[in-house]
Amino acid sequence: MSEQGKIVITGASGQYGRAATEMLIAKGLAEKLILISRTPDKLADRAAQGCDVRYGDYDKPETLVAAVQGAEKMLLISGTRVGARVVQHKAAIDAAAAAGVKHIFYTSFIGIDDPANPAEVRHDHIETENAMRASGMAWTALRDAHYADAMILAVGPNAMATGKWFSNAGDGREAMVWRDDCAACAVAALTTAGHENRIYNITGPELQTFDEVAALMRDITGCPIEHVKVDDEQQYAIFDAMGIPRRPIDDHSVSGIPWNSDDMVTFGRSIREGYLEICTNDVEMLTGRPARSVRQMIEENKDLLIAAAKGAAKEPA
Ligand SMILES: NC(=O)c1ccc[n+]([C@@H]2O[C@H](COP(=O)([O-])OP(=O)(O)OC[C@H]3O[C@@H](n4cnc5c(N)ncnc54)[C@H](OP(=O)(O)O)[C@@H]3O)[C@@H](O)[C@H]2O)c1
């Protein structure tokens, strides 16, 4: 058995949590993992692999102290209720401190130091980082860029089906990153020494505009897709017409995505105004291999994207 102490992971049933858990299990650490979910049944497969699956809910602080008991490190994966997560995350941080956790790792977001950044997610992340720093535990801020998966794989097929990718991101540039690369960085930080009180900016390998990303999708998939620039009000109207709520609703998704428009519109504005124009080599520094690119994601998922776009085109309006 490795020298590694126990690691507790919140959000372990989500996409990021599953990816990180998979990598930790591949390192032989299954029995060192405590996995938290509001629905432990979702993690029955992990229990069968030797992980300790426990019930915990950010909204029920009393459940969290018992849930994190015995852990040396915590990977706090941010929750989904954008704009209302500070209370939730503070409950998890307080529970970790009370249970004697020594080091907390948090999935934060890039570009949050500037108070002028209009992205609604900024507040949740900076306040959570502040709570982590004030907790007395060692901390590591894993500041992830925009997930390429969220744009290419989730939004891509609908945009390809209509040929138009509407966004209020304008000509802003960002270095979108693979979610799995973010999880790999978390795993590297959790399992190697020297990450106390550090901030990492975990980005893809190059800055790109949405025009450039749409051109890549067009070239690689053959679908005639173009980026159509809209202003914030037009972007809200598009989301309203899709039935996307302005504020987040727990466990509510539209077309499979748990989004809300206040988050997305302020996010697009943040890109447009340059707050997310950050590109680093932190993925390579942490994991020993370069960050994968948006091009690679489109190439590797070309057939899936084309099939999903055909499916989306057939859906009734
Ligand atoms: N950088 C980006 O571009 C970007 C994009 C999307 C999301 N994110 C952030 O990254 C996080 C992870 O992404 P993901 O794709 O893994 O999300 P996901 O698949 O939607 O998973 C969300 C996780 O949050 C947990 N959760 C939600 N509410 C909870 C609560 N009240 N108490 C305890 N756990 C709760 C869920 O656990 P149970 O349902 O099992 O309790 C689930 O495991 C997201 O939550 C979001 O904060 C970042």
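Note that the structure is predicted; figures quoted are calculated from it, not measured. (Residues numbered from 1 in each chain as written. Predicted model: local features only at pLDDT ≥ 70, side-chain atom pairs only at ≥ 80, totals over all residues.)

**Student:** Tell me about the environment of W259, and please be specific about residues and values.
**Tutor:** If you trace the backbone, W259 turns up in the loop between α9 (232-241) and α10 (261-272). Note: C-alpha distance between W259 and T10 (249 residues apart in sequence) is 20 Å. Leave out the neighbours within four places in its chain, and W259 touches I244, V254 and M264. (Helix = DSSP H or I, 4+ residues; strand = E, 2+ residues; numbered from the N terminus. Contact = placed C-beta atoms within 7 Å.)

**Student:** How would you explain the sheet that holds strand β5 (residues 103-109) if you had to name every residue and give the values?
**Tutor:** The strand order across the open sheet formed by seven strands is β3-β2-β1-β4-β5-β6-β8, and the pairing between neighbours is parallel. The open sheet has two free edges, formed respectively by β3 (52-55) and β8 (198-202), since each of these has just one partner strand. Within the sheet, the average angular offset between the axes of one strand and its neighbour, ignoring direction, is 20°. Here strand β6 (residues 138-144) runs beside β8; their pairing, made up of five bridges, is parallel. Following the sheet pairing, A141 is matched in β8 by I199. Strands β1 (7-9), β2 (33-37), β4 (73-76) and β5 of the sheet are contacted by helix α1 (residues 15-26), whose axis makes an angle of about 155° with β1. Strand contacts of helix α7 (residues 179-191): β1, β4, β5, β6 and β8, with the helix running at about 165° to β6, the strand carrying the most contacts. (Pairing = 2+ DSSP bridges. Axes fitted to C-alpha atoms, helices over the stretch in contact; angles between N-to-C directions.)

**Student:** Give a detailed account of the site of the ligand, specifying residues and quantitative values.
**Tutor:** Taken together, 27 residues lie near the ligand, and G14, Y16, S37, R38 and S78 sit nearest. When contributions to the shell around the ligand are tallied by element, the ones reaching two or more residues are α1 and β5. At three residues, the largest contribution of residues to the shell around the ligand is made by α1. Among the residues making up the shell around the ligand, the classes are represented as seven nonpolar, 15 polar and five charged. (Near = placed C-beta within 6 Å. Nonpolar A, V, L, I, M, F, W, Y, C, P; charged D, E, K, R; others polar.)

**Student:** Describe in detail the packing of helix α3 (residues 61-68) against helix α4 (residues 85-98), supporting the description with residues and values.
**Tutor:** Their axes nearest at 8 Å, the elements α3 and α4 cross at an angle of 40°. In terms of their interaxial angle, α3 and α4 are classed as oblique. When you trace α3 past α4, the crossing you get is right-handed. The residues of α4 that touch α3, namely those facing P61, L64, V65 and V68, are A91, A92, D94, A95, A96 and A98. (Parallel < 35°, antiparallel > 145°, perpendicular 65-115°, else oblique. Left-handed = near helix turned anticlockwise from the far one by under 90°.)

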